[in-house]
Amino acid sequence: MVPDREAYYSETGCVQGDALGPFLFSVAYATTLLHLQAKHPTTLIIAYLDDTYFLDSVPEATAALASSGEISPRLCGVRSNLTKQECYSREGDLSTVPASIRGSPHAPPAKGYDGGELRCIKMLGGFIGDDEACSTKLAQRVESHLAALPKVKALRDSRQHSTAMQAQLCIARYCTNTQLVYFLRSMPPSVTYEAARLHDELTADLMHSVIRSGGGTRRERESALAQLCLPVRLGGLGVTAQTDIRPAAWVGTFALCWPALVRLQPEIFGEIDLDTSDLAPVREFREAHAYCISEHERMSATWLSYDQKPHHYDTDGEPVFRFHPRGLPARGDLLPTTEFGLECDKLAHAQRTFTQALSHARWLKHYGSCAMEGRREAVRFVAVSQPYAGAWLNAVPSKRWFRISSWLLRVAVWRRLGLPVETGGGEGTRLSKHGKAYDRLGDMAQSDGHAGHAERHTSALAAYAEALRGAFGTSRVVTPDTDRHAGWEEVSPDYRPDLDLRDFGPGGERQLGDVKVFSPIASDGDA
């Protein structure tokens, strides 16, 4: 490793995220692996950092494991953790395996282990072996790793911090949401279903608690749950349902890994035809791929009909077309199975591309259920699906100007998901600025609240006008909305502006202007 050939041993580990430590370990360990391979030429040796696997007949694999225990300490100073050594064979005779190795028929029970042969084994984080056993193990892992969700539910605002709900949504979206993705990529959809269902069930319970949906009817709560699982740019909260993305995740696995497998082990994987192989994982890949392609074709045809056939005509006789979300990938971006063995840039992001097709299908399904409830629900869902309508959900409260108080965020989420708005009193007990009763869904509060109509715009206009007056003088800045005798009609008889600016510009011109409120946080990744 160094010119004077001084030896350095891995003893204390390195800082989390440091790439140099694992790299140096791998370089040093490579010599040991080469010696092991030379001694056991028929054994397929797979290693990822310090995780080493020996694939061969039972006697040969057992011998290779024994050699590792002798060669590794001698060449690189690495000793095996004997308590983690395991063996598995679906059909082989394991009676010759020492009792010190878990999975041997002679192995005694231990913590987390019932003793005897294993029905599955953990390899590089995923489980392989009997499908039922793998499914059970993965479900147990999900239950264990999400056991802390009640602590997330318990988060509350304090005197110093008022963003507990924002933190809860960030945890649900960026932490809880990612717990299962690796396993969806390393295990077939049929094996991951139960774990994904459990994950979605626990996450749904968390979200109902966070958004406080208890005031809604059963249908409203179910509708809110279906919507919040959609991406933010499709009107949801971005809390992905793992059961929905399993097919796309499995397609993504083959897209990323299959070309490398064929290149590295052509004698094994080069003979496998993805279009005809009867291997169970390959069959599930074809099924998942076909499902995603069919959903994409259905959505592509639906959106095309929306774009070509007018929904109605306005008063000027101009055609008005139905809304649908943008961003459905082009058909050419969803590669056929025949191209999955090639090196192609489109394969690098296949999971995301195929998932988008499924997300659009779920959007249309939810829109249909909203439309069945009536025009109001359909309009609400279309409104929150507009570009940038979910921009505020991307705000992370690490910066002061991105922090949203829990009471305000909760009301915004209620409105977005079509849940009733808690007003602190019974329906109709409080009146709007113009004496109208508030409804349970908050429509009257939105259009005629305590501060009147369009309060956000009015507040922004007042603040902007005050700043201009401070800089240029009171008489030069007029707001026609509050000063109805300012004489702006003489220059704009058909339209009342937000601002009437006098003596602005080199020639002392009179300028009219409008104030528009935009969010700087984009919910559309392309914006």
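Residues numbered from 1 in each chain as written. Predicted model: local features only at pLDDT ≥ 70, side-chain atom pairs only at ≥ 80, totals over all residues. Heavy atoms only, no water.

### Details of the overall build of the protein chain
Per the secondary structure count, the protein chain includes 16 helices and 9 strands. On C-alpha atoms alone, the protein chain measures out to a radius of gyration of 31 Å, which is more than a quarter above the 24 Å that the 2.2 N^0.38 rule sets for 527 residues. Expressed along its principal axes, the backbone C-alpha trace of the protein chain runs to roughly 100 × 55 × 50 Å. Across the 527 residues in the protein chain, those meeting the buried criterion constitute 38%. Within the structure as shown, the protein chain displays about 30500 Å² of accessible surface, and the carbon and sulfur contribution to it stands at 55%. Mean positive and mean negative side-chain charge positions of the protein chain (58 and 64 charges, respectively) differ by 6 Å. (Helix = DSSP H or I, 4+ residues; strand = E, 2+ residues; numbered from the N terminus. Rg over C-alpha atoms; globule rule 2.2 N^0.38 Å. Buried < 20%, exposed > 50% of the residue type's maximum accessible area, 1.4 Å probe, protein only. Areas by Shrake-Rupley, 256 points an atom, 1.4 Å probe, with all protein chains shown as cover. Lys, Arg positive; Asp, Glu negative; His and termini not counted. Charge placed at Lys NZ, Arg CZ, Asp CG, Glu CD.)

### Brief notes about the sheet that holds strand β9 (residues 509-513)
With antiparallel pairing, 3 strands are arranged side by side in an open sheet as β7-β8-β9. The open sheet has two edge strands, β7 (477-478) and β9, and neither has a second partner. Here 2 bridges tie β7 to strand β8 (residues 499-504), and the two strands are oriented antiparallel to one another. Across the sheet, the residue bridging to Val-477 is Leu-501, located in β8. Together, β7 and β8 form the strand contacts of helix α16 (residues 455-472), whose direction differs from that of β8 by roughly 15°. (Pairing = 2+ DSSP bridges. Contact = heavy atoms within 4.5 Å. Axes fitted to C-alpha atoms, helices over the stretch in contact; angles between N-to-C directions.)

### Section: the side chain of Arg-380
Its place among the elements puts Arg-380 in helix α13 (residues 375-384). At 2.9 Å, the side chain of Arg-380 and the side chain of Glu-377 are in polar contact. Residues within four places of Arg-380 in sequence aside, it is in contact with Gln-227, Cys-370, Arg-415, Arg-416, Leu-417 and Gly-418. (Polar contact = N/O pair within 3.5 Å; in protein donor to acceptor, adjacent residues only side chain to side chain.)

### Some points on empty space enclosed by the protein
Empty space left among the atoms is revealed by rolling a probe the size of a water molecule over them. Following the criterion strictly, the structure yields 2 cavities of 30 Å³ or more and no others. Computed from the structure, the largest cavity encloses a volume of approximately 90 Å³. Counting residues per element, the lining of the largest cavity draws most heavily on helix α5 (residues 164-175), at 4 residues. Residues belonging to the lining of the largest cavity are distributed by class as follows: 8 nonpolar, 1 polar and 1 charged. Its volume calculated, the second largest cavity comes out at about 30 Å³. Lining the second largest cavity, in full, are Arg-141, Val-142, His-145, Leu-146, Gln-179, Leu-180 and His-199. In terms of residues, the lining of the second largest cavity owes the most to one element, helix α3 (residues 131-145), which gives 3 residues. Grouping the amino acids of the lining of the second largest cavity by side-chain chemistry returns 3 nonpolar, 3 polar and 1 charged. (1 Å grid on protein atoms, 1.4 Å probe; cavity = no way out; pocket = protein on both sides within 12 Å on 5 of 7 lines; lining within 4 Å. Points joined across faces, edges and corners; volume = space filled by probe spheres on them. Nonpolar A, V, L, I, M, F, W, Y, C, P; charged D, E, K, R; others polar.)

### Some thoughts on the pattern of salt bridges
What the rule picks out here adds up to 22 salt bridges. Of the charged contacts, one joins Glu-295 and Arg-298 as a salt bridge, the two residues approaching to 3.0 Å between their closest N and O atoms. You can see Glu-295 and its partner Arg-298 sitting in helix α11 (residues 280-308), 3 residues apart, about one turn around the helix. The class of Glu-295 is buried, set by a relative accessible area of 13%. Since its relative accessible area comes to 38%, Arg-298 is described here as partly exposed. In this structure, Arg-415 and Asp-443 form a salt bridge, with 2.7 Å as the shortest nitrogen-oxygen distance. A residue pair is termed long-range when its members are at least 10 positions apart, and Arg-415 in helix α14 (residues 406-417) and Asp-443 in helix α15 (residues 443-447) qualify at 28 residues. (Salt bridge = Lys/Arg side-chain N within 4 Å of Asp/Glu carboxyl O.)

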